[in-house]
Amino acid sequence: MNFFAEKEYTLTFINNTCFVAPGTGKPVHTNRPFHGLVFYLSGTSIFTFDKFGEYTVGEHSVLYIPKGSSYRVNPEGAKKGCYAINFDLAENVNEKPFVLPIKNHAKAESLFSLAQRVWNSKKIDRRLKCRSIFYDILSLMCSESLSAYVPDGKKEKLQNAVEYIHENYLVDEISIETLAQMSGMSSTYFRVLFKEIYGTSPLKYINGLKISHAKELIMSDMYPMHEISNLSGFNDDCYFRRVFKSETDLSPNEYKKSRKF
């Protein structure tokens, strides 16, 4: 599963973006200094990691390569080469490699190609533009991850409810009954289907959005904690602190101290 779709990570640095032509590039990599996303245009390549074993990357697939990993590449049939983006994250990431086939491969190729062209332009704003493109790539990967595991018909049943959640989670107390009615199903079936698709309950999904917003407000260092509770959609400060602790294993004040402003 694409962990970028499940967790919130912060991009701090793009080292480079490039196109690796067929027959070029090092076959052996030791203690990789950056994380990497590699998008293959054709054929297959086999990556053998010292710690994680073997991963086969097919045509129109993205491979995530963890920072610090050592591996060998056998490009069996990569006749058109691949694009690569090397980057670093603020958080300590302990994740395995993953391979994600991309259905909308034309869009993926367009984004990776654009990142490479922008990077090679050497313009003063190239890093900012590449950061924007990088997040567009992650957004596409998140969408592709969801579609890979969820039939379109089931996802469409919840579309209106999910859009309503994202538009109103800060201003309204959203009831499961309201969301179920919008989806044309019982509350019980709505909960079951929502968890099947999104891997969590509707309430935890909504609270997750609120806590994500609260983190942004905390990191801004512009608001006292009781205001952050209200601005994040929590009417009860004690409930806010309890949910925040449950989601992050830290109290809001502990989270604030753990961040560098």
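Before reading on, note that the structure itself is shown above.
Now for a description of the structure that goes with this document.

**Some words on the overall build of the protein**
Assigned secondary structure in the protein consists of ten helices and nine strands. When each of the 261 residues of the protein is scored for burial, the buried share is 43%. By sequence separation, contacts in the protein at least 24 residues apart represent 72% of the contacts at least 6 residues apart. Total accessible area on the protein stands at roughly 14400 Å², and carbon and sulfur atoms take up 50% of it.

**So, the pattern of salt bridges**
Following the criterion strictly, the structure yields five salt bridges and no others. The shortest N-O distance in the salt bridge between Arg241 and Asp237 comes to 2.9 Å. Residue Arg241 and its partner Asp237 are located together in helix α9 (residues 237-248), separated by four residues, close to a single helical turn.

**Details of helix α7 (residues 202-220)**
Relative to the 27 Å expected for 19 residues at 1.5 Å per residue, α7 spans 28 Å between its end C-alpha atoms, a close match to the ideal helical length. What α7 keeps buried is the set Pro202, Tyr205, Ile206, Asn207, Leu209, Lys210, Ile211, His213, Ala214, Leu217 and Ile218. Buried positions along α7 lie against α4 (159-168), α5 (176-183), α6 (187-198), α8 (225-231), α9 and α10 (252-258). Positive backbone phi, at 60°, marks Asp221, one or two positions downstream of α7.

**Describing the pairing of strand β9 (residues 98-101)**
The two faces of the sheet receive side chains in turn, since in a regular strand these alternate between them. Alternating positions in β9 separate cleanly, Phe98 and Leu100 being buried on one face and Val99 and Pro101 remaining unburied on the opposite face. With four bridges connecting them, strand β6 (residues 61-65) and β9 associate as antiparallel partners. When the bridges of β9 are listed, Leu63 appears paired with Val99.

**Some words on the nonpolar core**
General note: in soluble globular proteins, nonpolar side chains tend to be found buried as a group. In this structure, Phe4, Leu37, Phe87 and Met141 are the most contacted members of the largest nonpolar core, which totals 30 residues. Of all elements in the fold, only β1 (11-20), β3 (35-40), β6, β8 (82-89), β9, α1 (105-120) and α2 (126-149) reach the threshold of two or more residues within this core. The greatest single-element share of this core, amounting to seven residues, is contributed by α2.

**A look at the environment of Ile65**
Looking at where Ile65 falls in the secondary structure, it is placed in strand β6. Sequence-wise, Ile65 and Tyr55 are ten residues apart; in three dimensions their C-alpha atoms are separated by 10 Å. Setting aside its immediate chain neighbours within four residues, Ile65 contacts Arg32, Phe34, His35, Gly36, Val38, Phe47, Phe49 and Tyr71.

Rules and cut-offs
- Residues numbered from 1 in each chain as written.
- Predicted model: local features only at pLDDT ≥ 70, side-chain atom pairs only at ≥ 80, totals over all residues.
- Heavy atoms only, no water.
- Helix = DSSP H or I, 4+ residues; strand = E, 2+ residues; numbered from the N terminus.
- Buried < 20%, exposed > 50% of the residue type's maximum accessible area, 1.4 Å probe, protein only.
- Contact = heavy atoms within 4.5 Å.
- Areas by Shrake-Rupley, 256 points an atom, 1.4 Å probe, with all protein chains shown as cover.
- Salt bridge = Lys/Arg side-chain N within 4 Å of Asp/Glu carboxyl O.
- Expected span 1.5 Å × (residues − 1).
- Pairing = 2+ DSSP bridges.
- Core = buried A, V, L, I, M, F, W, Y, C linked by side-chain atoms within 4.5 Å.

Everything listed is a geometric property; what it means functionally is a separate question.
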